[in-house]
Amino acid sequence: MSKLTDISYVKNILAKHGFTFSKALGQNFLINPSVCPKMAAMCGGSENIGVIEIGPGAGVLTSELAKISYKVVAVELDKRLLPVLEETLSEHDNIKVINGDAMRLDFKKLIAEEFDNGEVVICANLPYYITSPVIMRLLEEKLPVESLTVMVQKEAAERICAAPGTRESGAISAAVNYYAEPEMLFKVSAGSFLPAPKVDSEVIKLKILKKPPVKAADEKMFFRVVKAAFMQRRKTAANSLSAGLGMPKAEINALLEKSGISLSARAENLTMQDFAEIADLLSERKDST
Ligand code: SAM
């Protein structure tokens, strides 16, 4: 078992470096000894497949990732953690810690430079304040990665992994389902973290699809439609689309009727194919004007 899941060991190292937890940076470190080995084993890293970690914290997950993969590159925003990581990860020679912001870093360049464009997976206990933007950024950039295995708050996991056409679905799940096959892996209780957050977490895996499950002529239009449809989720999709796209209701109704979509449907009732059809009709309309 890693020393890093021994709460007093970690507390001592953090205290020695004068470290105090930052709520703003979503710093809840894992202290449950069974979680990191399980997460590492399920992320897909191996002797041929590298791992990128976002937010190594004190390095508890990082050291498990270094046991299953030939190379781990960990990106940490908080400079105060660099000397901590130097100490906690000193026994591994296959880890590189980079001081950077996961919202800005050029991941394509990192994959080319650090992994020679070889196979890579992403594995992280994500800071909760950027869960959705980070996931969306990693997906939208179409990075050459096989999968993202991430720990997120339970409610976020449910929203992200929701199947299209279900009550929990939203703009984020539609986008996730466009790029990946989402899967809930396992629950992690709030007591597994230091300090303990108010809510439980869930580890999810997004397996990147080779091609999207639906074909939209204009991908940008597809995402405009998805965003607009879910903008006012308590209203009908027709009303929400009309407001979100700035188009007369009569025109939206005509588009929906042409696609065989009920005028009383809400965005949560629409399938990926429905969104693609609306987007294609809008693109055709744009091209003919
Ligand atoms: N991996 C550690 C663990 O499981 O115990 C720490 C996870 S903690 C939930 C999130 C980590 O992400 C913190 O170390 C925090 O400093 C770091 N972080 C926050 N914002 C970040 C960003 N924009 N880019 C990279 N790391 C970030």
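All right, on to the site of the ligand then. Close to the ligand lie 24 residues, the nearest being Leu30, Gly55, Glu76, Asp101 and Asn125. Measuring from an oxygen atom of the ligand, one finds a backbone N or O atom of Leu30 at 2.8 Å. Within the complex, the protein chains bury 99% of what would otherwise be the 590 Å² of accessible surface of the ligand. For the shell around the ligand, the secondary structure elements donating two or more residues are β1 (29–30) and β3 (72–76). Of the residues in the shell around the ligand, the class split is 13 nonpolar, 7 polar and 4 charged.

With that settled, the discussion passes to the environment of Ser283. Tracing the backbone through its elements, the reader meets Ser283 in helix α12 (residues 272–288). Along the chain, Ser283 and Leu143 lie 140 residues apart, while their C-alpha atoms are 27 Å from each other.

What follows is about the packing of helix α6 (residues 131–140) against helix α8 (residues 171–179). Where α6 meets α8, the closest approach of the two axes is 10 Å, and the angle between their N-to-C directions is 30°. Viewed along their axes, α6 and α8 adopt a mutual orientation that is roughly parallel. For the pair α6 and α8, the sense of crossing is left-handed. Taking contact as the criterion, the partners of Ser132, Ile135, Met136, Leu139 and Glu140 in α6 are, on α8, Ile172, Ala175, Val176 and Tyr179. The class makeup of the residues in the contact of α6 with α8 is 7 nonpolar, 1 polar and 1 charged.

Ile54, Ile135, Leu206, Phe222 and Leu241 are the most contacted members of the largest nonpolar core, which has 68 residues in total. When residues in this core are grouped by element, the largest group, 8 residues, is from helix α9 (residues 219–231). Beyond its immediate chain neighbours, meaning those up to four positions away, Phe222 contacts Tyr178, Val214, Ala216, Met272, Phe275, Ala276 and Ala279. Of all hydrophobic cores here, the second largest spans 33 residues; its members include Leu14, Leu30, Leu185 and Phe193.

What the domain assignment lists for the protein is domain 1 (3–208) and domain 2 (219–288). Look at where the C-alpha atoms of domain 1 and domain 2 centre, and you get two points 35 Å apart. Taken residue by residue, the interface counts 13 residues in domain 1 and 10 residues in domain 2. Put simply, domain 1 and domain 2 have 1 salt bridge between them. A salt bridge links Lys142 to Glu219, with the nearest nitrogen and oxygen atoms 2.9 Å apart.

Calculation notes
- Starting from 1, residues in each chain are numbered consecutively following that chain's sequence as written.
- Totals for whole chains, interfaces and linings use all residues, but because this is a predicted model, local features are given only for residues with pLDDT of at least 70 and pairs of side-chain atoms are given and counted only at 80 or more.
- Working from all heavy atoms in the structure, the side-chain values ignore hydrogens and water.
- Any residue with a non-hydrogen atom lying within 4 Å of a molecule or strand is treated as near it.
- In protein, a polar contact means a hydrogen-donor-capable atom and an acceptor-capable atom, both N or O and within 3.5 Å, with residues adjacent in sequence counting only if both atoms are side-chain atoms; elsewhere, any N or O pair within 3.5 Å suffices.
- In these tables, accessible area is a Shrake-Rupley quantity obtained with a 1.4 Å probe, and a residue counts as shielded only by the protein chains included in the view.
- In this text, helices come from DSSP runs of H or I with a minimum length of four residues, and strands from runs of E with a minimum of two, each type numbered from the N-terminal end.
- Throughout this entry, Asp, Glu, Lys and Arg are counted as charged residues, while Ala, Val, Leu, Ile, Met, Phe, Trp, Tyr, Cys and Pro are counted as nonpolar. The remaining residues, Gly among them, count as polar.
- Interaxial angle, 0 to 180 degrees, is taken between N-to-C directions of lines fitted to C-alpha atoms, where a helix line uses only the stretch in contact.
- Small angles under 35 degrees read as roughly parallel and large ones over 145 as roughly antiparallel, with 65 to 115 read as roughly perpendicular and the rest as oblique.
- Should the near helix be turned anticlockwise from the far one by less than a right angle, the crossing is left-handed, and should it be turned clockwise, the crossing is right-handed.
- Contacts are assigned to residue pairs that have any heavy atoms within 4.5 Å of one another.
- Nonpolar cores are built from buried Ala, Val, Leu, Ile, Met, Phe, Trp, Tyr and Cys residues. Side-chain atoms within 4.5 Å join them into one set.
- For each residue, the accessible area found with a 1.4 Å probe, counting protein chains only, is set against the maximum for its type, and the residue is called buried under 20%, exposed over 50%, and partly exposed in between.
- Domain segmentation is taken from an automatic or database assignment of domains.
- Each salt bridge in this description consists of a side-chain nitrogen of Lys or Arg and a carboxyl oxygen of Asp or Glu lying within 4 Å of one another.

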